[in-house]
Amino acid sequence: MTRRNPVPPLAAILATVALPAWAQVETRTITVSNGVAETHPVANGIDAMQACFDERTGGAWTLAAFWSGALGSDLDATQALRSGTQEMVVTSTSPLVGIEPALGVFDLPFLFADEAEADAILDGEFGTMISEKMGASGLVNLAYWENGFRNLTNSLRPVTKLEDFDGMRVRVMQNDIFLDTFSTLGANAMPMAFGEVFTALETGTIDAQENPYVTIDTSQFSEVQDYLSETRHAYTPFMVLFSKTLFDTYSAEEQQILRDCAMEGQGVQREASRALSQESLARVQEAGMEFNQLEPAEVERIREAAAVVYERASATIGADVVDGMTAALDELRAGG
Ligand code: KDG
């Protein structure tokens, strides 16, 4: 009688087959929203995240991206994360100060000198400390991406000196520090969600707004604004926030994939933002905007006028947070 080799149990077969690392992830569709247009460099970051997901999950994860505030404002979307009804949002930090006051530190006028400083602080111990604060609000910050250095556009006049802000109706993000900064400069500061800005400019409800060149360009503000002045009065980070309620249902491996791929997206998005910035500036000038830079002495006068905001905002942000930022910048600037 010929003995047939007994067929081993399935478990034994599987145990001998080296499953790919992504075999332990579930099939998921991850919703992510943002307030800017799909032509903004945030899309480069999202594309890089998707490519990373494809590699790490074998195609099991799909990012469903919604643009131009389609799922609500930065604050609306962030609240949806906190309630566990949306997975992810790429949002400016400024509109979230009502959730985490410490985020206001990034809104202090003329805080960072350049992108290198911003990257060093955000990707260093200080940025980690701020990210860790988000957990108490039901949020996980996967990475800092770049909104960028903010510049003023308006429909009244070139802003070449401090006095040119007088009486100008400037839209600001819904954030008391921006409100105080522009009020201190003499403007009539008007808090407003980003999604309302284009129409408010078009109808003349406001005279001005302030954003990085890539946002001014990709939001078509050149259609409703005549003047662009390089003020670089603040650097706004984006946070790539994930719902902690949902994050906690992911396996440790899946959580690591989220973090790794958001960081993959960070490098691509920052690079795209910086590469597009000068192109955007050229494009809005071709579209008819009159661009001006300010004399360094005038920038200094504006910076000095706004400096009082630090003192007034310190208690709300947290004196320890402001002191921590100051110490981190001092160390960085001393070559630390
Ligand atoms: O999601 C990003 C936008 O909604 C917004 O934060 C962009 O800088 C911005 C602004 O001025 O509101």
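Going by the structure above, here's the rest.
A short tour of the structure in this document, coming up. Owing to the predicted nature of the structure, the values given are computational and were not obtained by experimental measurement.

About the cut-offs
Here the residue numbers are simple positions, counted from 1 along each chain's written sequence. Only residues with pLDDT of 70 or above have their local features reported here, since the model is predicted, and side-chain atom pairs are shown and tallied only from 80 upward, although totals for entire chains, interfaces and linings are computed over all residues. Each side-chain value is worked out from all heavy atoms of the structure, with water and hydrogens disregarded. Each helix is a run of H or I in the DSSP string that is no shorter than four residues. Each strand is a run of E no shorter than two, and both are numbered from the N terminus. With a 1.4 Å probe rolled over the protein chains alone, any residue whose accessible area is under 20% of its type maximum counts as buried; one over 50% counts as exposed, and the rest are partly exposed. Here a residue-residue contact requires only that any non-hydrogen atoms of the pair lie within 4.5 Å. For the area figures, the Shrake-Rupley method with a 1.4 Å probe applies, and any residue is considered shielded solely by the protein chains shown. In this count, Lys and Arg are taken as positive residues and Asp and Glu as negative ones, while His and the chain termini are left out. The atoms used to mark charge sites are NZ of Lys, CZ of Arg, CG of Asp and CD of Glu. Between N-to-C directions, angles cover 0 to 180 degrees, with each direction set by a line fitted to C-alpha atoms, over the stretch in contact for helices. Throughout, a crossing is termed right-handed when the near helix is turned clockwise from the far one, and left-handed when it is turned anticlockwise from it by less than a right angle. Put simply, Ala, Val, Leu, Ile, Met, Phe, Trp, Tyr, Cys and Pro go in the nonpolar bin, Asp, Glu, Lys and Arg in the charged bin, and everything else, Gly too, in the polar bin. The directions considered for the arc are those from the helix axis to the C-beta atoms. Among buried residues, those of type Ala, Val, Leu, Ile, Met, Phe, Trp, Tyr and Cys that are joined through side-chain atoms within 4.5 Å constitute a nonpolar core. Note on terminology: near, applied to a residue and a molecule or strand, indicates that one of the residue's heavy atoms is within 4 Å of it. Polar contact criterion, stated in full: a pair of N or O atoms within 3.5 Å, where within protein one must be able to donate a hydrogen and the other to accept it, and residues adjacent in sequence count only if both atoms are side-chain atoms. For each domain, the first and last residues come from an automatic or database assignment. Disulfides are defined in this document as cysteine sulfur pairs within 2.5 Å.

**What about the overall build of the protein?**
Right, on to step 1. When helices and strands are tallied, the protein shows 13 helices and eleven strands.
Right, on to step 2. Dimensions of the protein, computed from C-alpha atoms along their principal axes, come out at roughly 105 × 45 × 35 Å.
Right, on to step 3. Scored against the burial criterion, the 336 residues of the protein give a buried share of 52%.
Right, on to step 4. Partitioning the intrachain contacts of the protein with sequence separation of at least 6 by distance along the chain shows that 76% fall at a separation of at least 24.
Right, on to step 5. Carbon and sulfur atoms provide 52% of the accessible area of the protein, an area that totals close to 14,700 Å².
Right, on to step 6. Put simply, the protein has 21 plus and 49 minus side-chain charges, and the middle of one group is 6 Å from the middle of the other.

**Notes on the packing of helix H2 (residues 42-57) against helix H10 (residues 252-286)**
Right, on to step 1. For the pair H2 and H10, the least separation of the axes is 7 Å and the interaxial angle reads 145 degrees. The handedness of the crossing between H2 and H10 comes out as right-handed. Contacts from Val42, Asn44, Gly45, Ala48, Met49, Cys52, Phe53, Arg56 and Thr57 in H2 reach Gln256, Ile257, Leu258, Asp260, Cys261, Ala262, Glu264, Gly265, Val268, Gln269 and Ala272 in H10.
Right, on to step 2. Partitioned by chemical class, the residues of the contact of H2 with H10 number eleven nonpolar, six polar and three charged.

**Observations concerning helix H11 (residues 296-306)**
Right, on to step 1. Turning to H11, its buried residues number three or more, namely Glu298, Ile302 and Ala306. Taken down its axis, H11 places every buried residue within 75 degrees of arc, on the same side. For H11, the exposed residues lying more than 90 degrees away from the buried face are Pro296, Ala297 and Glu304.
Right, on to step 2. Elements in contact with the buried residues of H11: helix H6 (176-184) and helix H12 (308-317).

**Some words on the nonpolar core**
Right, on to step 1. Counting 33 residues, the largest nonpolar core has Phe106, Phe112, Ile130 and Met325 as the members making the most contacts within it.
Right, on to step 2. By residue number, the principal contributor to this core is helix H13 (residues 319-333), which donates four residues.
Right, on to step 3. Discounting chain neighbours no more than four positions away, the residues touching Phe106 are Thr93, Leu111, Phe112, Leu122, Phe126, Ile130, Tyr235, Pro237 and Met325.
Right, on to step 4. Among the nonpolar cores identified, the runner-up in size contains 30 residues, and Ile30, Met49, Phe242 and Ile257 belong to it.

**Remarks on the site of the ligand**
Right, on to step 1. With respect to spatial proximity, the complete set of residues near the ligand consists of Asn34, Gly35, Asp74, Val90, Ser92, Asn147, Arg150, Arg171, Met173, Phe194, Asn211 and Phe238.
Right, on to step 2. Between an oxygen atom of the ligand and a side-chain N or O atom of Asn34, the distance comes to 3.4 Å.
Right, on to step 3. One of the side-chain nitrogen or oxygen atoms of Arg150 is found 2.8 Å away from an oxygen atom of the ligand.
Right, on to step 4. Relative to its unbound accessible surface of 330 Å², the ligand loses 97% to contact with the protein.
Right, on to step 5. Looking at the shell around the ligand, its residues break down into four nonpolar, five polar and three charged.
Right, on to step 6. Looking at which domains feed residues into the shell around the ligand, each of domain 1 (29-147 + 236-277) and domain 2 (149-235 + 279-333) gives three or more.

**Focus: the environment of Phe247**
Right, on to step 1. When you line up the elements, Phe247 lands in helix H9 (residues 244-247).
Right, on to step 2. Counting along the chain gives 159 residues from Phe247 to Met88, while the straight-line C-alpha distance between them is 9.9 Å.
Right, on to step 3. Every residue in contact with Phe247, bar those within four places of it in the chain, is listed here: Val140, Leu142, Phe242, Gln255, Leu258 and Arg259.

**Notes on unusual backbone geometry**
The phi angle of most residues is negative, glycine excepted, and most peptide bonds adopt the trans form.
Right, on to step 1. The backbone of Ser68 shows a phi angle near 55 degrees, a positive value even though the residue is not glycine.
Right, on to step 2. Its location among the elements puts Ser68 in the loop between strand S2 (61-66) and helix H3 (74-82).
Right, on to step 3. Residue Ser68 is classed as partly exposed on the basis of its relative accessible area of 49%.
Right, on to step 4. Phi at Arg232 is positive, roughly 45 degrees, even though this residue is not glycine.
Right, on to step 5. You can see Arg232 is positioned in the loop between strand S9 (227-230) and strand S10 (235-243).

**Some remarks on the state of the cysteines**
Here is the idea: a disulfide is a covalent bond, and it sits between the sulfur atoms of two cysteines.
Right, on to step 1. Going through the model one piece at a time under the given rule, you end up with one disulfide.
Right, on to step 2. The disulfide that involves Cys52 links it to Cys261, with 2.0 Å between the sulfurs. Handedness of the Cys52-Cys261 disulfide follows from its S-S torsion of about -70 degrees: it is left-handed. With Cys52 in helix H2 and Cys261 in helix H10, this pair connects stretches of sequence that are 209 residues apart. Pair check on accessibility: Cys52 and Cys261 agree, each one buried.

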